[in-house]
Amino acid sequence: MLRDLPDGDEWIRVQSQVIGARVLARRLELRATQEAVYLAAGVDRRTLQALEAGETNPTFSTLARVAYVLGLPLAELVA
């Protein structure tokens, strides 16, 4: 059964913040710098900063690259 979308896009902002917090927590757990992650993932510095801050709606490619570099299953990052 399909679900109705909530009114507005607040739920997307909240999910972006959750994903960002997971990326940041994993990066800190690995004791990796932002620079190490964005260079390894092949993404722009500002993209990673915005992702960690929950300020962006990242592309699938960006999420997949960052999850891979951090050693996280993509599903765990976005679940």
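Residues numbered from 1 in each chain as written. Predicted model: local features only at pLDDT ≥ 70, side-chain atom pairs only at ≥ 80, totals over all residues. Heavy atoms only, no water.

Caption draft 1: Representation of the pattern of salt bridges in the model. Under the counting rule described, the total for this entry stands at four salt bridges. Linking E10 and R13 is a salt bridge whose minimum nitrogen-to-oxygen distance equals 2.3 Å. Remark: R13 and E10 occur in helix α1 (residues 10–29); sequence separation between them is three residues, near one turn of the helix. You can call E10 partly exposed: its relative accessible area is 43%. Between E29 and R26 there is a salt bridge whose closest N-O contact spans 2.6 Å. You can see E29 and its partner R26 sitting in helix α1, three residues apart, about one turn around the helix. When its relative accessible area of 57% is taken as the criterion, E29 is described as exposed. Accessibility expressed as a relative area gives 19% for R26, which makes it buried. (Salt bridge = Lys/Arg side-chain N within 4 Å of Asp/Glu carboxyl O. Helix = DSSP H or I, 4+ residues; strand = E, 2+ residues; numbered from the N terminus. Buried < 20%, exposed > 50% of the residue type's maximum accessible area, 1.4 Å probe, protein only.)

Caption draft 2: The arrangement of unusual backbone geometry in detail. The backbone of R31 shows a phi angle near 55°, a positive value even though the residue is not glycine. Mapping R31 onto the fold places it in the loop between α1 and α2 (34–41). Exposure remark for R31: the relative accessible area of 79% places this residue in the exposed category.

Caption draft 3: Here's a closer look at the side chain of E52. Within the element layout of this structure, E52 appears in helix α3 (residues 45–53). Its relative accessible area of 10% is what places E52 among the buried residues.

Caption draft 4: How the structure looks around the nonpolar core. I19, V23, L48, L51, V66, L70 and L77 are the most contacted members of the largest nonpolar core, which has 15 residues in total. When residues of this core are traced back to their parent elements, those giving at least two are α1, α2, α3 and α4 (60–70). Looking at this core element by element, the count peaks at four residues for α4. Once you skip the residues sitting within four places of it in the chain, V66 turns out to touch V23, A41, L48 and L51. (Core = buried A, V, L, I, M, F, W, Y, C linked by side-chain atoms within 4.5 Å. Contact = heavy atoms within 4.5 Å.)

Shape is all these values report; function is a separate question.
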